[in-house]
Amino acid sequence: MADCLFCKIIAGEIPSTKVYEDEYCYAFKDIAPQMPVHIIVVPKKHLANVLECTEEDIEIAGRIQLAIANIAREQGFAENGFRVINNCGRDAMQTVHHIHYHILAGGMMGEKIV
Ligand code: 5GP
Ligand code: ZN
């Protein structure tokens, strides 16, 4: 989608530090990490957020889960654990409107999510 930051990153028009890629998903390091490990996972298909997902996107949703598990194993934080966050809309402060999942790892996190 034109004017979408993450579509441009997926297309290689904006540089990123790639962590993982398959037919459906792309993952890269967050530019402003909030944990020692902070990775963004996106589907290659542009969807603004979870509210835009339809039955057509069920395979993508599953592929994202598998990509996250693959990344966790490959990057070596599967055993210690990690947190996955998806922000949707205003109250969650979603700033990039291409659905994405934050993977946070590399240290103990708070007991609460917010
Ligand atoms: P949101 O707040 O929408 O859930 O998360 C957007 C995330 O994208 C933020 O954590 C932000 O640091 C990250 N981000 C924004 N612009 C860029 C960029 O140009 N490159 C990378 N690698 N991450 C970005
Ligand atoms: Zn996009």
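A few points on the structure. On a predicted model such as this, the values are computed, not experimentally measured, just so you know.

For the rest of this paragraph, the subject is the sheet that holds strand β1 (residues 18-21). What the five strands build is an open sheet, ordered β1-β2-β3-β5-β4; its pairing is antiparallel. Only two strands of the sheet have a single partner each, and these edge strands are β1 and β4 (82-85). Strand-to-strand, the axes of this sheet are offset by a mean angle of 20°, without reference to chain direction. The sheet contact formed by β1 and strand β2 (residues 25-29) spans three bridges and is antiparallel. Within β2, the position partnered with Y20 by the bridge is A27. Helix α2 (residues 58-75) rests against β1, β2, β3 (37-43), β4 and β5 (101-105) of the sheet, and its axis sits at about 150° to β3.

Below, the discussion takes up the side chain of H38. Within the fold, H38 resides in strand β3. Residue H38 is classed as buried on the basis of its relative accessible area of 5%. In terms of polar contacts, H38 uses its side chain to reach the side chain of H102, at 2.8 Å. Among all residues touching H38, those that are not within four sequence positions of it are F28, K29, D30, A32, P33, H102, I103 and L104.

Our next topic: the nonpolar core. Most often, soluble globular proteins keep nonpolar side chains buried together rather than apart. Counting residues in each nonpolar core, the largest one holds 18 residues, and the members touching the most others are A27, I39, V41, I64, I71, F77 and I103. Here this core gets six residues from one element, more than from any other, and that element is α2. Excluding its chain neighbours within four sequence positions, the residues that come into contact with I71 are V19, Y20, A27, I39, V41, F77 and I103. I10, Y26, I40 and V96 belong to the second largest nonpolar core, which has 10 residues in total.

Further remarks concern the packing of aromatic side chains. The full count for this structure, using the stated rule, is three aromatic pairs. Between the aromatic rings of F6 and F28, the centroid separation amounts to 5.3 Å while the plane-to-plane angle is 75°, which identifies the pairing as edge-to-face. Linking F6 in helix α1 (residues 5-11) with F28 in strand β2, this pair joins segments that are 22 residues apart in sequence. On the basis of relative accessibility, which here comes to 6%, the residue F6 falls in the buried class. Under the relative-accessibility criterion, F28 is labelled buried at 4%. When the centroid spacing of 5.5 Å and the interplanar angle of 70° are considered together, the rings of F77 and F82 count as edge-to-face.

Parameters at a glance
Residues numbered from 1 in each chain as written. Chains lettered and ligands numbered in written order. Predicted model: local features only at pLDDT ≥ 70, side-chain atom pairs only at ≥ 80, totals over all residues. Heavy atoms only, no water. Pairing = 2+ DSSP bridges. Helix = DSSP H or I, 4+ residues; strand = E, 2+ residues; numbered from the N terminus. Axes fitted to C-alpha atoms, helices over the stretch in contact; angles between N-to-C directions. Contact = heavy atoms within 4.5 Å. Buried < 20%, exposed > 50% of the residue type's maximum accessible area, 1.4 Å probe, protein only. Polar contact = N/O pair within 3.5 Å; in protein donor to acceptor, adjacent residues only side chain to side chain. Core = buried A, V, L, I, M, F, W, Y, C linked by side-chain atoms within 4.5 Å. Phe/Tyr/Trp six-rings, centres within 6.5 Å; stacked < 30°, edge-to-face > 60°.

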